[in-house]
Amino acid sequence: MKRRIVFTQALVMVVCIMLGSFVRYPQRAQAQTTDKASILLSLNRTRVSSGLAPLAVNPALEKAAQTHSDDMAARGFVDHTGSSGSIPVERISAAGYPAWQQMRVWAENVYAGSHGFSEALDYFLKDETQSRSILSSRYREVGIGAQTATNNAGIQLTYWTLTFGSQPGVLPIFINDGAIAITSPQVAIHLTQEEAVAGGEGNTIGSVIEARVSSSPSFQNATWQRFEPLIPFTFDSLPGPKTVYAQLRDAGGRTVASTASVQYDPNGTPQVALAAPVSRATSGTQFDATRAVSPSPYNTSVPIHTVQPAALPGSDSTIRLIASPTAAFILRTPNPIKALNAQPGAQTTGLPPVLINRTDGLIPDWLLPAYLLAQGGVLVVGVYWFLSLKGSPRQ
């Protein structure tokens, strides 16, 4: 009887080991160690080298991006759809990012990898859909999300989310493509253009045709000139903080005012900014520097219409349509199920290689339970044999 009890206990232990091997424990999220300033610098260098204006960081887009990266890291997935079923436009809207009355302009890139942001950026630029987000002139602002976690194979991955957008009446300007410290008073002012809604909306500015810049908020002696993306400008020669003011005007006379500041030190070191330049709409009045703050979230009683994702026939992508009476923007995003089920050696798109050929996916899921079962069987047989010998009569 005693031998049967011991045998049963051994068998229960084996079963418990087998069941435990099937359990997928949540990934362990870790503190961020990413340098978002250097990430922004990499993004803007890529855009400027392609003839585009830099991107300004927006707090609402940053919140949406970080929330999604935290979600992906905690649950070990990479997709545009969150664990709660949310899609990017819903997260961006919930974060308070402003929109036009009938449309919202946005995009999202996601990736997970173990070799820093340079790996993610390289993937984004090689992927046709995600490279369009980084290199689109319609987007003026960005949010950067990053969270690190260790997967089931013990590999530390960083989950990246980039959210892009444009909001009405906000056209950031940049000194030397985003500097906060300069060593020469001669600089280049990079203006952004309204390309998301070129016709404007109500009192919101459309495509800019004229601009003027000044070191004075009253624009004294500043003359209007034809819009150019880059305008040379010279500060006075006294070291210290410097601010440039810009007014931009469309064909309908609607204007927007923006400002950017730097620290001028002829003996210092140039530095690149992380904070977004300031931009706000005006009504033809003088620019009040004391009120130059980021706009509050745009409120409207007209709902923003979205179409739920639907599979494209014969495609590895889904379609998301942001509709308005005058325009429709399409964002194609990868189909995660199809990508994960891709055959070895097949051409795959959408999900990063770290998920398609991930290290913890190289070993079949059945191998570990089978190994533990075999070891458990050997253990049970050994225990039974030992007890049989112990209980047999001695000669």
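Below: a short report on this structure. (Residues numbered from 1 in each chain as written. Predicted model: local features only at pLDDT ≥ 70, side-chain atom pairs only at ≥ 80, totals over all residues. Heavy atoms only, no water.)

Here we look at the overall build of the chain
Stage number 1. Helix and strand counts for the chain come out as 9 helices and 18 strands.
Stage number 2. The 395 residues of the chain split such that 44% are buried.
Stage number 3. In the chain, the share of contacts with a sequence separation of at least 24, taken over all contacts with a separation of at least 6, comes to 67%.
Stage number 4. Carbon and sulfur atoms form 56% of the exposed surface of the chain, whose accessible area is close to 20,500 Å². (Helix = DSSP H or I, 4+ residues; strand = E, 2+ residues; numbered from the N terminus. Buried < 20%, exposed > 50% of the residue type's maximum accessible area, 1.4 Å probe, protein only. Contact = heavy atoms within 4.5 Å. Areas by Shrake-Rupley, 256 points an atom, 1.4 Å probe, with all protein chains shown as cover.)

Here's the deal with unusual backbone geometry
Stage number 1. In the Ramachandran plot, D177 falls in the positive-phi region, its phi being about 60° despite a non-glycine side chain.
Stage number 2. Mapping D177 onto the fold places it in the loop between strand 6 (173–175) and strand 7 (179–182).
Stage number 3. Residue D177 is classed as partly exposed on the basis of its relative accessible area, which comes to 28%.
Stage number 4. Positive phi values are uncommon outside glycine, yet N221 reaches one of about 70°.
Stage number 5. One can find N221 in the loop between strand 9 (208–214) and strand 10 (225–226).
Stage number 6. Since its relative accessible area comes to 73%, N221 is described here as exposed.

Structural notes on the sheet that holds strand 8 (residues 186–191)
Stage number 1. Within the open sheet, the 3 strands sit side by side as 6-8-11. Their pairing is antiparallel. Either end of the sheet is taken by a strand with one partner, and the two such strands are strand 6 and strand 11 (230–234). Here the strands of the sheet are splayed against their neighbours by 25° on average, with no regard to which way each runs.
Stage number 2. Taken together, the 5 bridges between strand 8 and strand 11 define a ladder with antiparallel strand orientation. Across the sheet, the residue bridging to I189 is I231, located in strand 11. (Pairing = 2+ DSSP bridges. Axes fitted to C-alpha atoms, helices over the stretch in contact; angles between N-to-C directions.)

Some remarks on the pairing of strand 12 (residues 240–250)
Stage number 1. With respect to burial, strand 12 is a largely interior element, 8 of its 11 residues being buried.
Stage number 2. With 6 bridges connecting them, strand 9 and strand 12 associate as antiparallel partners. Counterpart to E210 in the pairing with strand 12 is R249.
Stage number 3. Where strand 12 lies against strand 13 (residues 255–264), 10 bridges are found, and the strand directions are antiparallel.

Everything listed is a geometric property; what it means functionally is a separate question.
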